[in-house]
Amino acid sequence: MHENDRHRVILSAVQDRSLVTVADLCNLTGASEATVRRDINALDDAGKLRRVRGGAEALTTTPFVGLAGRPFSYNETINISEKQAIAAAAVELCSDGEPIIINGGTTTFQMVHPLASRQMQVFTNSFPIAEHLLKNSRNTVLLSGGVIYREQNIILSPFENDVTRNFYAKRMFMGAQGLGPLGLMEQDPLLIQAEQKLIGQAEELIVLADSAKFEVRSSLILCPLARIDTIITDDGIDDRTASMLEAADVKLIVVAKGAAQKTGVVS
């Protein structure tokens, strides 16, 4: 790679991540550590980045427009075994050939692995879900259109008459920021608007939420408990919460952490 090309790659990486290491830049450019360090020095002298110990950082960061809430990359590391068990139980509810909606999220993403052996019509607003299913399954994948939100890895449309309105689903699977007596909660108004459109296209709404989500509250209600048909969670759920769902006539499926479906239905 020529020097000018290396400089473009380095500046792109620094702007994207704000701070990059020499090792990262070696991998991106294919150049030696000594060459990368010379490039960093040259770009620092030219006032295009700032040299720091072990790497380089951007002079200024350009924030991307994002949604409220934590990024996908952070959330996917939390309660992973619970999420895998919950997702496996969710796929057990599906039959080949059915049209389903899978909303973007780190718990719903875990559905892609058991779905690898299925053949279904999957509508999603999640890049990671769509990409994985296209590469590793025979499922038909439909991707919604709209604005790409990098941190959450989802696509949301600001328009009322988008392709969402043309898709029918037997079931919609979605995660949640939090769950409480008033219903399903999220943090961002745009996310609420987009998810309400998706919910309107499905006969059944199935929420995938590890038991920690029942302790989380947010300022925005996505939908009341009465709209939820089924909640799949792990065996950390307490009796008080289970009773709350029973009173709301929500079907409850409880799975053992890291295992297949464990119990029980509360109806």
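Asker: Got a sec to walk through the sheet that holds strand β10 (residues 178-180)? Specific residues and values, please.
Answerer: Strand order in the open sheet formed by three strands is β10-β11-β13, and the pairing between neighbours is antiparallel. Where the open sheet ends on each side, the last strands, each with one partner, are β10 and β13 (220-223). The average angle at which neighbouring strand axes cross in this sheet is 40 degrees, direction not considered. Strand contacts of helix α8 (residues 189-199): β11 (183-186) and β13, with the helix running at about 10 degrees to β13, the strand carrying the most contacts.

Asker: For the nonpolar core, give the residues involved together with the corresponding values.
Answerer: Counting 29 residues, the largest nonpolar core has Leu179, Leu184, Val207, Ile228, Ile231 and Leu245 as its most contacted members. Contributions of two or more residues to this core are made by β9 (169-174), α8, β12 (202-208), β13, α9 (239-247) and β15 (251-255). Contacts of isoleucine 231, omitting those with residues within four sequence positions, involve Leu179, Val207, Phe214, Leu245, Val250, Lys251, Leu252 and Ile253. Of all hydrophobic cores here, the second largest spans 23 residues; its members include Ala89, Ala90, Phe109 and Leu115.

Asker: Let's hear about a nonpolar patch on the surface: which residues, and what values?
Answerer: Together, Phe127, Leu143 and Ile148 make up a nonpolar patch on the protein surface, roughly 240 Å² of accessible area in all. A relative accessible area of 45% means that isoleucine 148 is categorised as partly exposed.

Asker: Could you give me a rundown of the environment of valine 14, with the residues and numbers involved?
Answerer: Residue position: valine 14 is located in helix α1 (residues 3-17). Along the primary structure valine 14 and leucine 25 are separated by 11 residues, whereas in three dimensions their C-alpha atoms are 9.2 Å apart. Excluding residues within four positions of it along the chain, valine 14 makes contact with Leu19, Val20, Leu49, Ala56, Glu57 and Ala58.

Asker: Could you give an account of the confidence of the model for the protein, naming the residues involved and the relevant values?
Answerer: Per-chain confidence: the protein averages 86 in pLDDT, with 87% of residues scoring 70 or above. Confidence, read as mean pLDDT per element, is least for strand β16 (residues 261-266) in the protein (43) and greatest for strand β14 (residues 230-234) (97). Counting interchain partners and residues more than four positions distant, the pLDDT-below-50 stretch residues 260-267 has 24 contacts.

Rules used throughout
Residues numbered from 1 in each chain as written. Predicted model: local features only at pLDDT ≥ 70, side-chain atom pairs only at ≥ 80, totals over all residues. Heavy atoms only, no water. Pairing = 2+ DSSP bridges. Helix = DSSP H or I, 4+ residues; strand = E, 2+ residues; numbered from the N terminus. Axes fitted to C-alpha atoms, helices over the stretch in contact; angles between N-to-C directions. Contact = heavy atoms within 4.5 Å. Core = buried A, V, L, I, M, F, W, Y, C linked by side-chain atoms within 4.5 Å. Buried < 20%, exposed > 50% of the residue type's maximum accessible area, 1.4 Å probe, protein only. Patch = residues over 30% accessible without salt bridge, like charges linked within 9 Å, V, L, I, M, F, W, Y side chains within 5 Å. Areas by Shrake-Rupley, 256 points an atom, 1.4 Å probe, with all protein chains shown as cover. Salt bridge = Lys/Arg side-chain N within 4 Å of Asp/Glu carboxyl O. pLDDT = per-residue confidence, 0-100.

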